[in-house]
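# Structural overview
Here is what each chain is made of, one letter per residue.
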Amino acid sequence: MKGEKNGCISDKKGAWKNMTKETDKISVIVPVYNVKNYLEDCVQSITHQTYPDLEILLIDDGSDDGSGEICDRLQMTDARIRVFHEKHKGVSGARNKGLKEAAGKYIKVLDADDCYNSKSLQQHLELLRIVDVDLILTSYVIVNEKGQIKSKRTFPLYPYRS
(Lines give C-alpha, C1' and ligand atoms only; values in the text may rest on other atoms or scores of the structure.)
Protein backbone atom coordinates (compact mmCIF):
# COMPACT_ATOMS: atom_id res chain seq x y z
CA MET A 1 0.00 0.00 0.00
CA LYS A 2 1.25 3.47 -0.82
CA GLY A 3 -0.56 5.41 1.87
CA GLU A 4 -3.68 6.57 3.62
CA LYS A 5 -5.72 9.71 3.04
CA ASN A 6 -9.16 10.78 4.36
CA GLY A 7 -10.29 7.26 5.30
CA CYS A 8 -9.06 5.81 2.01
CA ILE A 9 -6.11 3.69 1.02
CA SER A 10 -4.12 3.63 -2.17
CA ASP A 11 -3.26 0.41 -3.96
CA LYS A 12 0.11 -0.29 -5.57
CA LYS A 13 -0.88 1.79 -8.60
CA GLY A 14 -1.80 4.75 -6.41
CA ALA A 15 -5.58 4.51 -6.92
CA TRP A 16 -7.49 5.67 -3.86
CA LYS A 17 -10.10 3.23 -2.55
CA ASN A 18 -12.52 3.37 0.34
CA MET A 19 -10.99 1.42 3.22
CA THR A 20 -14.16 1.36 5.30
CA LYS A 21 -16.52 -1.58 5.23
CA GLU A 22 -19.46 0.77 4.74
CA THR A 23 -20.94 0.84 1.27
CA ASP A 24 -23.93 3.02 2.13
CA LYS A 25 -23.43 6.32 0.31
CA ILE A 26 -24.88 9.39 2.01
CA SER A 27 -26.13 12.26 -0.15
CA VAL A 28 -25.80 15.61 1.61
CA ILE A 29 -28.06 18.23 0.04
CA VAL A 30 -27.11 21.87 0.65
CA PRO A 31 -29.56 24.52 -0.62
CA VAL A 32 -27.53 27.63 -1.41
CA TYR A 33 -28.97 31.14 -1.62
CA ASN A 34 -26.85 34.22 -0.91
CA VAL A 35 -24.67 32.61 1.76
CA LYS A 36 -21.19 33.51 0.52
CA ASN A 37 -19.97 34.28 4.06
CA TYR A 38 -20.84 30.80 5.37
CA LEU A 39 -20.68 28.43 2.41
CA GLU A 40 -17.02 27.42 2.52
CA ASP A 41 -17.17 26.53 6.23
CA CYS A 42 -20.34 24.53 5.62
CA VAL A 43 -18.84 22.52 2.76
CA GLN A 44 -15.57 22.01 4.63
CA SER A 45 -17.54 20.53 7.54
CA ILE A 46 -18.93 17.95 5.10
CA THR A 47 -15.71 17.18 3.20
CA HIS A 48 -13.86 16.60 6.48
CA GLN A 49 -16.27 13.95 7.75
CA THR A 50 -14.83 10.73 9.17
CA TYR A 51 -17.25 8.84 6.91
CA PRO A 52 -15.92 9.24 3.36
CA ASP A 53 -18.61 7.53 1.24
CA LEU A 54 -20.72 10.59 0.51
CA GLU A 55 -21.70 13.02 -2.17
CA ILE A 56 -22.34 16.71 -1.66
CA LEU A 57 -25.06 18.33 -3.75
CA LEU A 58 -24.80 22.12 -3.75
CA ILE A 59 -28.05 23.51 -5.15
CA ASP A 60 -27.51 27.17 -6.05
CA ASP A 61 -30.99 28.68 -5.90
CA GLY A 62 -30.29 31.74 -8.06
CA SER A 63 -27.84 33.46 -5.72
CA ASP A 64 -26.72 36.96 -6.71
CA ASP A 65 -23.98 37.46 -4.10
CA GLY A 66 -21.30 35.21 -5.62
CA SER A 67 -22.38 32.03 -3.81
CA GLY A 68 -22.87 30.25 -7.15
CA GLU A 69 -19.28 30.98 -8.17
CA ILE A 70 -18.05 29.71 -4.79
CA CYS A 71 -20.00 26.48 -5.43
CA ASP A 72 -18.24 26.08 -8.78
CA ARG A 73 -14.83 26.68 -7.20
CA LEU A 74 -15.52 24.19 -4.40
CA GLN A 75 -16.61 21.58 -6.94
CA MET A 76 -13.12 21.76 -8.46
CA THR A 77 -11.54 20.83 -5.10
CA ASP A 78 -13.41 17.59 -4.34
CA ALA A 79 -14.83 15.02 -6.76
CA ARG A 80 -17.67 14.27 -4.33
CA ILE A 81 -19.17 17.74 -4.87
CA ARG A 82 -21.79 18.28 -7.56
CA VAL A 83 -23.28 21.71 -8.28
CA PHE A 84 -26.64 22.58 -9.78
CA HIS A 85 -27.60 26.14 -10.70
CA GLU A 86 -31.35 26.79 -10.61
CA LYS A 87 -33.69 29.72 -10.99
CA HIS A 88 -34.78 30.97 -7.57
CA LYS A 89 -37.56 28.67 -6.33
CA GLY A 90 -36.95 28.87 -2.60
CA VAL A 91 -35.42 26.40 -0.18
CA SER A 92 -38.07 23.74 -0.83
CA GLY A 93 -37.43 23.88 -4.58
CA ALA A 94 -33.68 23.56 -3.98
CA ARG A 95 -34.16 20.60 -1.64
CA ASN A 96 -36.47 18.91 -4.14
CA LYS A 97 -33.84 19.33 -6.87
CA GLY A 98 -31.31 17.73 -4.53
CA LEU A 99 -33.65 14.82 -3.87
CA LYS A 100 -34.06 14.25 -7.61
CA GLU A 101 -30.29 14.24 -8.18
CA ALA A 102 -29.21 12.31 -5.07
CA ALA A 103 -27.55 8.93 -5.65
CA GLY A 104 -27.04 7.94 -2.02
CA LYS A 105 -28.88 5.33 0.01
CA TYR A 106 -29.34 7.93 2.75
CA ILE A 107 -30.22 11.63 2.52
CA LYS A 108 -29.07 14.43 4.80
CA VAL A 109 -29.99 18.09 4.36
CA LEU A 110 -27.75 20.82 5.72
CA ASP A 111 -28.48 24.53 5.48
CA ALA A 112 -25.57 26.45 3.96
CA ASP A 113 -25.09 28.56 7.09
CA ASP A 114 -24.72 25.44 9.28
CA CYS A 115 -21.85 23.03 9.91
CA TYR A 116 -21.50 19.39 11.00
CA ASN A 117 -19.03 18.14 13.56
CA SER A 118 -16.48 15.83 11.95
CA LYS A 119 -18.11 12.59 13.16
CA SER A 120 -21.73 13.54 12.52
CA LEU A 121 -22.44 11.39 9.45
CA GLN A 122 -20.52 8.38 10.84
CA GLN A 123 -22.52 8.55 14.08
CA HIS A 124 -25.84 8.84 12.25
CA LEU A 125 -25.03 5.87 10.03
CA GLU A 126 -24.00 3.79 13.05
CA LEU A 127 -27.32 4.64 14.69
CA LEU A 128 -29.22 3.66 11.55
CA ARG A 129 -27.47 0.29 11.57
CA ILE A 130 -28.47 -0.36 15.18
CA VAL A 131 -32.03 0.95 15.19
CA ASP A 132 -34.49 0.62 12.31
CA VAL A 133 -35.64 4.22 11.99
CA ASP A 134 -36.82 6.47 9.17
CA LEU A 135 -35.67 9.81 10.59
CA ILE A 136 -32.90 11.13 12.80
CA LEU A 137 -33.21 14.53 14.47
CA THR A 138 -29.90 16.03 15.49
CA SER A 139 -29.03 18.26 18.37
CA TYR A 140 -27.62 21.64 17.54
CA VAL A 141 -25.78 24.63 18.95
CA ILE A 142 -26.33 28.20 17.74
CA VAL A 143 -23.22 30.38 17.83
CA ASN A 144 -22.73 34.02 16.94
CA GLU A 145 -20.10 35.49 14.60
CA LYS A 146 -17.58 35.50 17.48
CA GLY A 147 -18.08 31.77 18.13
CA GLN A 148 -19.97 32.33 21.37
CA ILE A 149 -22.81 29.92 22.14
CA LYS A 150 -26.19 31.66 21.97
CA SER A 151 -28.38 28.59 22.54
CA LYS A 152 -28.48 24.85 22.09
CA ARG A 153 -31.09 22.16 21.66
CA THR A 154 -30.63 18.50 22.45
CA PHE A 155 -32.96 15.87 21.06
CA PRO A 156 -33.26 12.51 22.81
CA LEU A 157 -32.87 9.43 20.62
CA TYR A 158 -36.36 8.33 19.68
CA PRO A 159 -37.14 5.97 16.85
CA TYR A 160 -39.23 7.68 14.18
CA ARG A 161 -40.91 5.23 11.86
CA SER A 162 -43.25 5.93 9.00
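Residues numbered from 1 in each chain as written. Predicted model: local features only at pLDDT ≥ 70, side-chain atom pairs only at ≥ 80, totals over all residues. Heavy atoms only, no water.

## Some thoughts on the layout of surface pockets
Using a probe with the size of a water molecule, rolled over the atoms, empty space left in the structure can be pinpointed. If you add up the space inside the largest pocket, you get close to 1300 Å³. Taken together, 39 residues make up the lining of the largest pocket; nearest its centre are Leu110, Asp114, Cys115, Tyr116 and Tyr140. Broken down by secondary-structure element, the contributors of at least two residues to the lining of the largest pocket are helix 1 (39-47), strand 7 (106-109), helix 4 (120-130) and strand 8 (140-143). Among the elements that take part in the lining of the largest pocket, helix 4 stands out by supplying seven residues, more than any other. Taken together, the residues of the lining of the largest pocket break down into 22 nonpolar, nine polar and eight charged. (1 Å grid on protein atoms, 1.4 Å probe; cavity = no way out; pocket = protein on both sides within 12 Å on 5 of 7 lines; lining within 4 Å. Points joined across faces, edges and corners; volume = space filled by probe spheres on them. Helix = DSSP H or I, 4+ residues; strand = E, 2+ residues; numbered from the N terminus. Nonpolar A, V, L, I, M, F, W, Y, C, P; charged D, E, K, R; others polar.)

## Concerning helix 2 (residues 67-75)
Of all the positions in helix 2, only Ser67, Gly68, Ile70, Cys71 and Leu74 are classed as buried. All buried residues of helix 2 project into a common sector of 160° when viewed along the axis, lining one side. (Buried < 20%, exposed > 50% of the residue type's maximum accessible area, 1.4 Å probe, protein only. Arc of directions from axis to C-beta.)

## Details of the confidence of the model for the chain
For the chain, per-residue confidence averages 83 on the pLDDT scale, and residues scoring 70 or more make up 81% of the total. For the stretch residues 1-22, pLDDT sits under 50, and the model shows 39 contacts to residues farther than four places along the chain or on other chains. (pLDDT = per-residue confidence, 0-100. Contact = heavy atoms within 4.5 Å.)

## Observations concerning the nonpolar core
Val28, Val30, Val32, Leu39, Ile46 and Leu58 are the most contacted members of the largest nonpolar core, which has 23 residues in total. Residues within four places of leucine 58 in sequence aside, it is in contact with Val30, Val32, Val43, Cys71, Ile81, Arg82, Val83 and Phe84. Residues Leu57, Ile59, Phe84 and Ala94 belong to the second largest nonpolar core, which totals five residues. (Core = buried A, V, L, I, M, F, W, Y, C linked by side-chain atoms within 4.5 Å.)

## A short note on the pairing of strand 4 (residues 26-32)
Burial analysis of strand 4 places seven of its seven residues in the buried class, which makes it a mostly covered element. Residues Ile26, Val28, Val30 and Val32 line one face of strand 4 and the alternating positions Ser27, Ile29 and Pro31 line the opposite face, and both faces are buried. The sheet contact formed by strand 4 and strand 5 (residues 54-60) spans seven bridges and is parallel. Opposite serine 27, over in strand 5, you have glutamate 55 as the bridge partner. For the segment spanning strand 4, helix 1 and strand 5, crossover handedness is right-handed. Relative to strand 7, strand 4 runs parallel, the two being bridged by four bridges. Bridge pairing in strand 7 links serine 27 to isoleucine 107. (Pairing = 2+ DSSP bridges. Right-handed = clockwise from strand over helix to strand, strands pointing away.)

## A word on helix 3 (residues 91-101)
Buried within helix 3 are the following residues: Ala94, Lys97 and Gly98. Across the axial projection of helix 3, the buried residues extend over an arc of 100°, all falling on one side. Here the buried face of helix 3 lies against strand 4, strand 5 and strand 6 (81-85).

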